[in-house]
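# A closer look at the structure
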Amino acid sequence: MGLFGRKNETATTTPAAATATAPVSPELAALTGDYTIDPTHTTIGFVARHAMVTNVKGSFLDFTGTLHLDGTDPSRSTASLDVTMDSIDTGNADRDGHLKSADFFKTDEFPQMTFRSTKTEALGGDDYRVTGDLTILGTTKPLSIDLEFNGSAKDPFGNERVGFEGKAEILRSEWGLTWNAALETGGMLVSDKIKLSFDISAIKAGA
């Protein structure tokens, strides 16, 4: 991370070759360090297809996370995220209550969703890919997140910040989220495919 993201379609070299030959800029090297995700300026969102005709969007309001960025060797960068499942918010209290119930996230039994990175790849330019273990309902499976590095800045309070924008897709059934209802016109009420989105702002430790 700091050093993560989606594939650069205009790149003429493979990610591995680009990582091996690309010079390291002083600006990128200076980003090396430990960061804490700022929840007040970060959004972890998702989109599910409903009744096969529209999208329902939501987010998680309570989470903590850390990043270790290595500006000289992005492959050594890491990410960790812990999400409180009871903080799910889709803008509808009844729907949120259903999502917290035994039909979906069973938040009383499984209060957290976690992500622990296992691999970081530089894909060229500002794009990176972070692969790790996503745990939901006690089931752990790999997930790759494509991230674009949005830059770094020092805010008015003296905090050194970095920003990332990312996306991923999962099939919820692979984590045991199988509840659904058939539609009279064919198809299912809730899509199996869920789109995840990340807008991340993180503060450097000791800045």
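Structure shown above.
What you see is a predicted model, and the numbers here were worked out from it, not measured in a lab.

What follows is about a positive patch on the surface. Side chains of Arg49, Lys167, Lys193 and Lys195 sit close together on the surface and give a patch of like positive charge. As for its placement among the helices and strands, Arg49 is situated in strand E2 (residues 43–50).

With that settled, the discussion passes to the environment of Asp38. Counting through the fold element by element, Asp38 comes out in the loop between strand E1 (33–37) and E2. It is 9.3 Å that separates the C-alpha atoms of Asp38 and Thr66, two residues lying 28 residues apart in sequence. At 2.7 Å, the side chain of Asp38 and the side chain of Thr40 are in polar contact. A distance of 2.6 Å separates polar atoms of two side chains, one belonging to Asp38 and the other to His41.

Structurally, the position occupied by Asp82 is in strand E5 (residues 78–84). A distance of 3.0 Å separates the side chain of Asp82 from the side chain of Arg116, its partner in a polar contact. Setting aside its immediate chain neighbours within four residues, Asp82 contacts Phe63, Thr64, Gln112, Met113, Thr114 and Arg116.

What follows concerns the packing of aromatic side chains. The final tally for this structure, using the stated rule, is three aromatic pairs. Judged by centre distance (5.5 Å) and plane angle (45 degrees), the rings of Phe46 and Phe60 are tilted. With a gap of 14 residues between them, Phe46 in strand E2 and Phe60 in strand E3 (residues 54–60) connect regions that are remote in the sequence. Accessibility assignment for this pair places Phe46 and Phe60 in one class, buried. On the numbers, 5.4 Å between centres and 45 degrees between planes, the contact of Phe149 with Phe164 is tilted. Taken together, the residues span a long stretch of sequence, with Phe149 in strand E9 (residues 139–154) and Phe164 in strand E10 (residues 160–171) at a distance of 15 residues. The exposure classification of Phe149 matches that of Phe164, with both residues buried.

Let us look at the pairing of E5. A regular strand places its side chains so that they alternate between the two faces of the sheet. With respect to burial, E5 is a largely interior element, five of its seven residues being buried. With six bridges connecting them, strand E4 (residues 63–69) and E5 associate as antiparallel partners. Counted as the bridge partner of Thr66 is Ser80 from E5. Pairing analysis gives five bridges linking E5 to strand E7 (residues 112–124), with the strands arranged antiparallel.

Time to look at the pairing of strand E8 (residues 127–136). Extensive coverage of E8 is indicated by the burial of eight of its 10 residues. One ladder, built from nine bridges, connects E7 with E8; its direction is antiparallel. If you follow Thr114 over to E8, its bridge partner there is Thr135. Following E7, the chain reverses through two residues before pairing antiparallel with E8; Gly125 in that reversal takes a positive phi of roughly 65 degrees. Pairing of E8 with E9, which is carried by 10 bridges, proceeds in the antiparallel orientation. In the strand pairing of E9, Val130 is matched with Ile145.

The residue Met52 is not glycine, and still its phi comes out positive at about 65 degrees. Checked against the element boundaries, Met52 lands in the loop between E2 and E3. Residue Leu137 is not a glycine yet carries a positive backbone phi of 55 degrees. Positionally, Leu137 belongs in the loop between E8 and E9. On the accessibility criterion, Leu137 (12% relative accessible area) is buried.

Parameters at a glance
Residues numbered from 1 in each chain as written. Predicted model: local features only at pLDDT ≥ 70, side-chain atom pairs only at ≥ 80, totals over all residues. Heavy atoms only, no water. Patch = residues over 30% accessible without salt bridge, like charges linked within 9 Å, V, L, I, M, F, W, Y side chains within 5 Å. Areas by Shrake-Rupley, 256 points an atom, 1.4 Å probe, with all protein chains shown as cover. Salt bridge = Lys/Arg side-chain N within 4 Å of Asp/Glu carboxyl O. Lys, Arg positive; Asp, Glu negative; His and termini not counted. Charge placed at Lys NZ, Arg CZ, Asp CG, Glu CD. Helix = DSSP H or I, 4+ residues; strand = E, 2+ residues; numbered from the N terminus. Polar contact = N/O pair within 3.5 Å; in protein donor to acceptor, adjacent residues only side chain to side chain. Contact = heavy atoms within 4.5 Å. Phe/Tyr/Trp six-rings, centres within 6.5 Å; stacked < 30°, edge-to-face > 60°. Buried < 20%, exposed > 50% of the residue type's maximum accessible area, 1.4 Å probe, protein only. Pairing = 2+ DSSP bridges.

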